[in-house]
Amino acid sequence: MDLSAVEAFANLPPDMHVGVARAATLVRLRSGDALTDFGLAFVVRGEVLASSADEAAAGARLGAGGMLRVRAEAGDLPITLYPATPLAVVAAWSRAQLDELFTTCPWVDDDLLAASERAHALVGASAGVLGLRLDLPQRERLFARLAVRALGPGETLAAHGQPMRAFTVVGSGAVEGHGEGAGLALYGPGSLVHPSFVLSGAPLPVTVRAGRDGATVLQADRAVLRTLAAELPPL
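Attention here is on the structure that accompanies the text. Just so we're clear, the structure is a prediction, and the values are computed from it rather than from any experiment. (Residues numbered from 1 in each chain as written. Predicted model: local features only at pLDDT ≥ 70, side-chain atom pairs only at ≥ 80, totals over all residues. Heavy atoms only, no water.)

The next point concerns the overall build of the protein. Along its length, the protein carries eight helices and 12 strands. The C-alpha radius of gyration computed for the protein amounts to 19 Å, which stays within 12% of the reference 18 Å derived for 235 residues, consistent with globular compactness. If you line up the protein on its principal axes, its C-alpha atoms span 55 × 40 × 25 Å. By residue count, 46% of the 235 residues in the protein fall in the buried class. For the protein, restricting intrachain contacts to residue pairs at least 6 apart in sequence, the fraction spanning at least 24 positions comes to 77%. Summed over all atoms, the accessible surface of the protein reaches about 11100 Å², with 52% contributed by carbon and sulfur. Between the centroid of the 19 positive side chains of the protein and the centroid of its 24 negative side chains there is a distance of 7 Å. (Helix = DSSP H or I, 4+ residues; strand = E, 2+ residues; numbered from the N terminus. Rg over C-alpha atoms; globule rule 2.2 N^0.38 Å. Buried < 20%, exposed > 50% of the residue type's maximum accessible area, 1.4 Å probe, protein only. Contact = heavy atoms within 4.5 Å. Areas by Shrake-Rupley, 256 points an atom, 1.4 Å probe, with all protein chains shown as cover. Lys, Arg positive; Asp, Glu negative; His and termini not counted. Charge placed at Lys NZ, Arg CZ, Asp CG, Glu CD.)

Here it is as structure tokens:
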């Protein structure tokens, strides 16, 4: 396993490549198998599906060379990997191993998390109504048209009295709705954020912003949403 050829490991000091590779556990996944409780997974062979629930609710597909660094923030969904091909081989590291390996180079772990941001968002977005209403091919068709947006803690997504300009699905973290005389509305992974206001263009009765730990969302503008709704009737 040559980690020097993996973009997410580009900033790993060269003298650590062999040690990090040797620390991995190679896991062979066949039909009916699953990989849980890992800190980092790197697909060596075949394809895997990443899901927060069962295989049918998978949100992200990772092929050979794909990787997923699991986030550790409170409220994040657990992730399980399932084989999408007759045989998938995955190199896996535990959270404890990563803490030890990257003690002297924490920026490498930051790179791995950044490279995993979209996969995390897709897994979280499939945890709600989209996972129930759309099958995997439909979800993949939808997600291919959605852009990932990272929101810092408390960052405003849409302001009170303004239109909701983008169809928004929460991928990770949380989004909050604040309004005068209204209780706090919380939107976790898989939640659609005021989708009816996107189509109608009506002003929002609340201000929508990221929670205290920030959030990652998937978005599409109104024109894209109308096209997708026509192509995917369950949407």
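On the surface, Met1, Leu26 and Val44 cluster together into a nonpolar patch covering about 260 Å² of accessible area. Residue position: Met1 is located in the segment before helix 1 (17-22). Of the residues examined, Met1 reaches a relative accessible area of 45% and is grouped as partly exposed. (Patch = residues over 30% accessible without salt bridge, like charges linked within 9 Å, V, L, I, M, F, W, Y side chains within 5 Å. Salt bridge = Lys/Arg side-chain N within 4 Å of Asp/Glu carboxyl O.)

So, about the pattern of salt bridges. Throughout the structure, instances matching the rule amount to six salt bridges. Here Arg95 and Asp37 are joined by a salt bridge, their closest N and O atoms 3.3 Å apart. Taken together, the positions of Arg95 in helix 2 (residues 95-101) and Asp37 in the loop between strand 1 (25-29) and strand 2 (40-45) put the pair 58 residues apart, joining distant regions of the chain. Classification of Arg95 by relative accessible area gives partly exposed; the value is 35%. Overall, Asp37 belongs to the exposed group, its relative accessible area being 65%. A salt bridge links Glu231 to Arg141, with the nearest nitrogen and oxygen atoms 3.6 Å apart. Placement of Glu231 in helix 8 (residues 222-231) and of Arg141 in helix 6 (residues 136-143) is noted, with a sequence separation of 90 residues between them. Taken together, the shared-partner salt bridges connect Glu47, Arg61 and Glu140 into one network.

Spatial ordering of the open sheet is given by 1-7-2-5, a layout of four strands whose pairing is antiparallel. The sheet terminates laterally at strand 1 and strand 5 (67-69), the two strands that pair on one side only. The mean inter-strand angle of the sheet, taken between neighbouring strand axes irrespective of direction, is 25°. Across five bridges, strand 1 lies against strand 7 (residues 88-93) in antiparallel orientation. Bridged to Arg28 within strand 7 is Val89. Across the sheet, helix 3 (residues 106-115) touches strand 2 and strand 5, and the angle it forms with strand 5 is around 115°. (Pairing = 2+ DSSP bridges. Axes fitted to C-alpha atoms, helices over the stretch in contact; angles between N-to-C directions.)

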